[in-house]
Amino acid sequence: MFSESSLPTTAERPTPSDAVRAVQLEPSDKVPQLDPSVQYGDFRDALARDGYVVVPGVLDQAKCDEYIDRMHFWLESFGLGYKRSDSDTWKKEMLPVNHRGGLYNNYGVAHEQFMWDLRSEPSLIEKFQRLWGTDELLTGFDGCNISIPSIVKDGDFESKPWPHVDQSPRRKHLHCVQGILNFYPNGPKDGGLMILKNSRNYYTEFFDEVFKKDMPEEGWTFNDTHRFTDEQLEWLESRPGAEWHKVCAGPGDLILWDSRVCHYGAPTQSNNPRIAAYVCYKPASLITPDLLALKVQQFEQMQNSTHDGTLPALARNPVPKRRGFDVDPAWLVRQKPDKPPVLNAQARRFAGIESY
Ligand SMILES: O=C(O)CCC(=O)C(=O)O
Ligand SMILES: [Fe+2]
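Quick look at the structure, then.

Conventions and cut-offs
Residues numbered from 1 in each chain as written. Chains lettered and ligands numbered in written order. Predicted model: local features only at pLDDT ≥ 70, side-chain atom pairs only at ≥ 80, totals over all residues. Helix = DSSP H or I, 4+ residues; strand = E, 2+ residues; numbered from the N terminus. Rg over C-alpha atoms; globule rule 2.2 N^0.38 Å. Buried ≥ 20, exposed ≤ 12 C-beta atoms within 10 Å, placed from the backbone. Contact = placed C-beta atoms within 7 Å. Near = placed C-beta within 6 Å. Nonpolar A, V, L, I, M, F, W, Y, C, P; charged D, E, K, R; others polar. Expected span 1.5 Å × (residues − 1). Arc of directions from axis to C-beta. Core = buried A, V, L, I, M, F, W, Y, C linked by C-beta atoms within 7 Å. Pairing = 2+ DSSP bridges. Axes fitted to C-alpha atoms, helices over the stretch in contact; angles between N-to-C directions.

Points about the overall build of the chain
Scanning the chain from N- to C-terminus turns up 10 helices and 13 strands. Here the C-alpha radius of gyration of the chain, 20 Å, is about what a compact globule of 356 residues would show, namely 21 Å. Expressed along its principal axes, the backbone C-alpha trace of the chain runs to roughly 55 × 45 × 40 Å. Here the chain holds 356 residues, and the buried ones make up 43% of them. Relative to all contacts within the chain whose residues are 6 or more apart in sequence, the contacts with residues 24 or more apart total 84%.

Structural notes on the site of ligand 1
Close to ligand 1 lie Leu103, Asn145, Asp166, Gln178, Ile180, Gly192, Leu193, His263, Tyr264, Gly265 and Tyr278, which account for all nearby residues. It is strand β11 (residues 263–266) that provides the largest number of residues to the shell around ligand 1, a total of 3 residues. In terms of residue class, the shell around ligand 1 is made up of 5 nonpolar, 5 polar and 1 charged.

Concerning helix α8 (residues 289–300)
Spanning 12 residues, α8 covers 17 Å between terminal C-alpha atoms, matching the ideal 16 Å at 1.5 Å per step. Buried within α8 we find Leu291, Leu294, Lys295, Gln298 and Phe299. For α8, the angular spread of buried residues about the axis comes to 140°, placing them on one side. Exposed side chains of α8 directed beyond 90 degrees from the buried face belong to Pro289 and Glu300. Backbone geometry just after α8 places methionine 302 at a positive phi near 55°.

Some remarks on the nonpolar core
In terms of nonpolar packing, the biggest core is built from 82 residues, with Cys144, Leu181, Ile255 and Leu256 touching the most fellow members. Those residues in contact with cysteine 144, other than ones at most four positions away along the chain, are Met71, Tyr104, Val109, Met115, Ala276, Ala277 and Tyr278.

Examining unusual backbone geometry
One non-glycine residue, arginine 100, lies in positive phi territory at about 55°. Considering the arrangement of structural elements, one finds arginine 100 in the loop between α3 (61–76) and β2 (103–104). Positive phi values are uncommon outside glycine, yet asparagine 198 reaches one of about 70°. Structurally, asparagine 198 can be placed in the loop between β7 (192–197) and α6 (203–210).

Describing the sheet that holds strand β4 (residues 144–147)
The strand order β1-β10-β6-β12-β4-β2 describes an open sheet built from 6 strands, whose pairing is antiparallel. Lying at the two open borders of the sheet, with one neighbouring strand each, are β1 (52–55) and β2. Pairing between β1 and strand β10 (residues 254–258): 4 bridges, direction antiparallel. Across the sheet, residue valine 55 finds its bridge partner in β10, namely leucine 254. Against the sheet, helix α2 (residues 43–50) touches β1 and β10, its axis set at about 155° to β1.

A look at the environment of tryptophan 132
Counting through the fold element by element, tryptophan 132 comes out in helix α5 (residues 122–132). Using a count of 20 C-beta atoms within 10 Å as the deciding quantity, one classes tryptophan 132 as buried. Spatially, the C-alpha atom of tryptophan 132 lies 30 Å from that of glutamate 209, the residues being 77 residues apart in sequence. Those residues in contact with tryptophan 132 that lie beyond four places of it in its chain are Pro32, Leu137, Lys282 and Pro283.

Take a look at the structure:
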């Protein structure tokens, strides 16, 4: 029998030091900015203006059906009891451990073949190439969301909002644009992305002035995340123009948002599943040799990372915890893909394992 001590510890996993993370801070930062005074004539106009946009029809229905099938198959392949066709098996204990009702960033899911295939979709890549003005990109090793209806009940911890931004408060400019490639129809009551409209406009004032009092002695974290406290959120929610909005999307649509926008993923309140993948690419020129070496190591170990492909931090919770077990049974089944993924030449460059 496995014991927790025989599993890889967090310490053995490659993670950047603060000194390494600090290399990409202002004013040396070279992330291309969207110019609100420029008329791009495409999705970049809304992204620059509102901080988010839904780009319609990036994939066709046949492609969406294919990814939905492969993602269900992945869940079923753990052998914990979940079957897409039998609602009696739509239970937490029959699924791998997920977050917030269906977010998977564990078990090496970032490197499953379906994730590399979808990251290699030309019509998806083209959007990020246009956004950043370069063909030379790096991708994060992000996961996916497969939210099965009725898993999260009202009042459960997972049903609660978790408003946050995915950017270090030390970085004030546009630093990352996150994406969700949506496969299943996603309406107002279906689980999905909630954003606090216009919250981005208060980012600098928030961290440098109003809530500077909450800054730790050593300064704001270098990690690309800030989780808002109730008091902080109350202030943000009461700003002019701030308003919660559920971002709806059709099959094949791509949601893009500026990482400074306060957001969270809401669990489904309907009888529909939510099936989507987190996607994110950044200009390859932004990575440093140290961080590139770390990224390659993450790839070789089939680890999941945070969104930003040029600041490779590992996804949290390396060893999933399941109530009632010392070791999650799904973790024993799969710590990384059963079969190593096959990447085409472009995907190998996106992963950082082949150079531009
Ligand atoms: O699931 C979602 O819609 C959002 C999850 C999230 O916070 C993220 O991708 O940064
Ligand atoms: Fe987020």
